[in-house]
Amino acid sequence: MFDHISSDAMKPILFGILKGLTPERFQIEFYDERTDKLPECIDADVIAFSVETFTAKRAYIMAKRYRTPTNIIAMGGFHASVMADEMLRYADTVLVGDAEGTWERFLTDCESGKPKRKYIADESTPLTALFDDGATYKHRYYGIGVHQLSRGCKFNCGFCSIKTMYKCVRRKPVDMIVRELSAAKEKIIFFADDNIFYDRQSAVELFRALIPLKKKWACQISMDAARDDELLTLMKKSGCFLVLMGFESLSRESLAEMHKAANLASDYDALIQNIYRHGLLLYGTFVLGCDGDRADVFEKTYEFAVRNKIAVTNFNPLIPMPGTEVYARMEREGRLRYRKWWLSDRYRYGETAFVPKHMSPEDLQNGCLKMRTDFYSLGCIFKRLFGNKYNFLPLNLFVFMAANLISGKEIKKKQGQMLGGVLGETDAD
Ligand code: B12
Ligand code: SF4
């Protein structure tokens, strides 16, 4: 998002995917601007960017810097699934969707000198391509391996980008992920799946297969999984130490507006206690500023998170991500403060990009910032730490402290920053 080094960067799975897909006759080199300063110029035939909405402006600025009369600039990633035409103003080629099925075709076309403007991945491509994790990383990424079993999500929350990219859920065969993990040198693994709990049977199959690997791992789950004692027991037994869950809101009105069906039927306090009983740390995420939210939403949500001693949280203002239902509604109702906030030189990280219904944009911005700052203050960190005995299980204490200190530091660093640098895109505002 910015040109500074960030301390919450995790190992990019994409590097292993592209390495695995690239035929040996090509020489490939990877740069992660979150961990290393980028070179002034790159002498390569093809320069490919992985672009998310928050990093689009930075990618466009760097594409302008690296363009030469002869090289080929390519872009792919989440932002390409909705904004391919915008990207084509800065790139020669856009690869829409997964790299599997597009990257090799693109490279072959580059060799013959005629790459197409757009390549579109077919979502029926199975996730069986080789993942090559070998020696491509310049940085250590805290020694945490990042792996992915499935792509897509069984839910369709109105604010979320997943459905703009993946219409269905696909999974790798379990024996393939077991081979990947057995080869991984890291002892600690983060599963980047949007929801590792697609259905009970496949979750049980995975967790059983993980037991002999003796890895410690964290993942994202939906609330239906947190009610299932047998599943949580198996997760703990197979090495799980932390689950990330999207609470999003305490208000039924806001949950209904987001189409967060799994949460509507849940008793949050009881679910949290159930997660703790199984010795797992909890990372809770919240979205504030929905039409059902009023001025008291900040205090109520904050009080809930602290009372329940949640180890790590994200208090995010609702963000109209391109291609989502929320973006379309805000546009229809004339409530967008920027046409394309992600390209605007006025927009700042943490700012509200739309006009909320029951508060001002500034109230939403300041409310979220205050919650984040207070939550990661030393007083609150220690209150949550000592209030929950499960924080003192082996590994949990280290993870709790590291995650809190890193999150607190990153919030201070990112808040109020211009995305990417100056682009001068006139139709963004
Ligand atoms: C783990 C994670 C994080 C981690 C970081 C992960 C890391 N490696 O460092 C943390 C917590 C730090 C994080 C931060 C943020 N994240 Co995040 N994150 C994820 C998550 C859950 C998994 C990422 C992942 O590894 N995916 C698996 C890899 C394989 O997917 P991929 O990189 O997209 O690549 C595939 C395709 O996109 C494509 N592709 C991608 N790039 C390219 C390039 C080329 C050339 C080609 C051919 C193909 C291609 O091919 C790959 C498959 O073959 C995703 C959700 C998801 N399903 O991906 C959200 C997600 C990417 N994050 C998102 C967001 C919004 C953020 C933040 C902006 C949050 C915030 N408010 O600060 C920040 C931005 C950080 C940054 N970029 O600097 C959004 C992005 C939406 C969008 N429209 O851009 C997602 C999709 C979540 C969501 N539900 O909407 N994130
Ligand atoms: S459950 Fe999570 S990943 Fe799935 S659509 Fe909702 S917010 Fe997105």
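What you are looking at is a predicted structure, and each value in this text was computed from that prediction instead of being measured.

K.L.:
Explain the packing of aromatic side chains here, please?
P.N.:
Each aromatic ring pair is described using two quantities: the centre-to-centre distance and the angle formed by the ring planes. Scanning all chains against the criterion turns up 26 aromatic pairs. Geometrically, the ring pair formed by Y302 and F375 is edge-to-face, given 6.5 Å between the ring centres and 85 degrees between the ring planes. One end of the pair, Y302, is in helix α13 (residues 297-307); the other, F375, is in helix α15 (residues 361-375), with 73 residues separating them in the sequence. According to the relative accessible area criterion, F375 is buried, its value standing at 0%. Counting every residue linked through ring pairs, the aromatic cluster contains F2, F54, Y327, Y338, W341, W342, Y347 and Y349. Over the ring of F131 we find K172; its NZ or CZ atom is 5.5 Å from the centre of that ring.

K.L.:
Honestly, the domain arrangement of the protein chain in this entry has me stumped. Any pointers?
P.N.:
Where interface size is given, it is often the accessible area lost as the parts come together that is meant. As assigned here, the protein chain comprises domain 1 (13-120) and domain 2 (145-414). Using only C-alpha atoms to locate each centre, domain 1 and domain 2 end up separated by 29 Å. Carbon and sulfur atoms make up 68% of the surface buried where domain 1 meets domain 2, a total of about 1,600 Å² over both sides. Across the domain 1-domain 2 interface, the total number found is five salt bridges. Measuring nitrogen to oxygen at the nearest pair gives 2.8 Å for the salt bridge that ties K57 to D345. Counting across the domain 1 and domain 2 interface gives nine residue pairs in polar contact (both at pLDDT 80 or more). Within the residue set of the side of domain 1 that touches domain 2, elements represented by two or more residues are α1 (13-21), α2 (56-66) and α3 (80-87). Here the side of domain 1 that touches domain 2 takes four residues from α3, the largest share from any one element.

K.L.:
Just to check I follow, could you spell out the side chain of S150 for this structure?
P.N.:
The topology assignment puts S150 in strand β6 (residues 150-151). Apart from the residues within four sequence positions on either side, S150 is in contact with V169, R170, R171, D193 and N195.

K.L.:
Would you mind showing me how to read the sheet that holds strand β10 (residues 240-248) here?
P.N.:
Within a sheet, each strand pairs with its neighbour through backbone hydrogen bonds, oriented either parallel or antiparallel. Taken in spatial order, the six strands line up as β5-β8-β9-β10-β11-β12 in an open sheet, and their pairing is parallel. The sheet is open, and its two edges are formed by β5 (144-147) and β12 (312-317), each paired on a single side. Direction aside, neighbouring strands of the sheet carry axes that sit 15 degrees apart on average. The sheet contact formed by strand β9 (residues 216-221) and β10 spans five bridges and is parallel. If you follow W217 over to β10, its bridge partner there is C240.

K.L.:
I tried to follow the pairing of strand β11 (residues 281-288) on my own but got confused; where do I start?
P.N.:
As a general feature of sheets, a regular strand has side chains that alternate between the two faces. Most of β11 is tucked away, with seven of its eight residues classed as buried. Of the strand pairs in this sheet, β10 and β11 are connected by six bridges, and their pairing is parallel. Along β11, the bridge assignment pairs L244 with Y283. Sheet analysis places β11 next to β12, joined by six bridges and oriented parallel. If you follow Y283 over to β12, its bridge partner there is V312.

K.L.:
What is the right way to read the pattern of salt bridges from this model?
P.N.:
Here the idea is simple: oppositely charged side chains can pair when their charged atoms come close. Considering all chains together, one arrives at 40 salt bridges under this definition. In this structure, E180 and K172 form a salt bridge, with 2.7 Å as the shortest nitrogen-oxygen distance. Measuring nitrogen to oxygen at the nearest pair gives 3.7 Å for the salt bridge that ties E253 to R294. Taken together, the residues E253 in helix α10 (residues 252-258) and R294 in the loop between β11 and α13 connect sequence positions 41 residues apart.

K.L.:
In this structure, what is going on with the sheet that holds strand β3 (residues 93-96)? I would like to understand it.
P.N.:
One open sheet holds the four strands; their spatial order is β1-β2-β3-β4, and the pairing between them is parallel. In the strand order of this sheet, the two ends are held by β1 (46-50) and β4 (118-120), each with one partner. Neighbour to neighbour, the strand axes of the sheet diverge by 15 degrees on average, direction disregarded. The sheet contact formed by β3 and β4 spans three bridges and is parallel. Looking at β4, one finds that L95 is bridged to Y119.

K.L.:
So what exactly am I meant to see when it comes to the site of ligand 1 here?
P.N.:
Inspection of the region around ligand 1 gives 37 residues, with R34, S50, T53, E100 and Y349 positioned closest. The separation between a nitrogen atom of ligand 1 and a polar side-chain atom of S161 is 3.1 Å. For ligand 1, an oxygen atom lies 2.5 Å from a polar atom in the side chain of Y349. Partitioning the shell around ligand 1 into residue classes produces 20 nonpolar, nine polar and eight charged.

Thresholds applied
- Residues numbered from 1 in each chain as written.
- Chains lettered and ligands numbered in written order.
- Predicted model: local features only at pLDDT ≥ 70, side-chain atom pairs only at ≥ 80, totals over all residues.
- Heavy atoms only, no water.
- Phe/Tyr/Trp six-rings, centres within 6.5 Å; stacked < 30°, edge-to-face > 60°.
- Helix = DSSP H or I, 4+ residues; strand = E, 2+ residues; numbered from the N terminus.
- Buried < 20%, exposed > 50% of the residue type's maximum accessible area, 1.4 Å probe, protein only.
- Lys NZ or Arg CZ within 6 Å of the ring centre and 35° of its normal.
- Domains from an automatic or database assignment.
- Buried area = accessible area lost by both parts, 1.4 Å probe.
- Salt bridge = Lys/Arg side-chain N within 4 Å of Asp/Glu carboxyl O.
- Polar contact = N/O pair within 3.5 Å; in protein donor to acceptor, adjacent residues only side chain to side chain.
- Contact = heavy atoms within 4.5 Å.
- Pairing = 2+ DSSP bridges.
- Axes fitted to C-alpha atoms, helices over the stretch in contact; angles between N-to-C directions.
- Near = heavy atom within 4 Å.
- Nonpolar A, V, L, I, M, F, W, Y, C, P; charged D, E, K, R; others polar.

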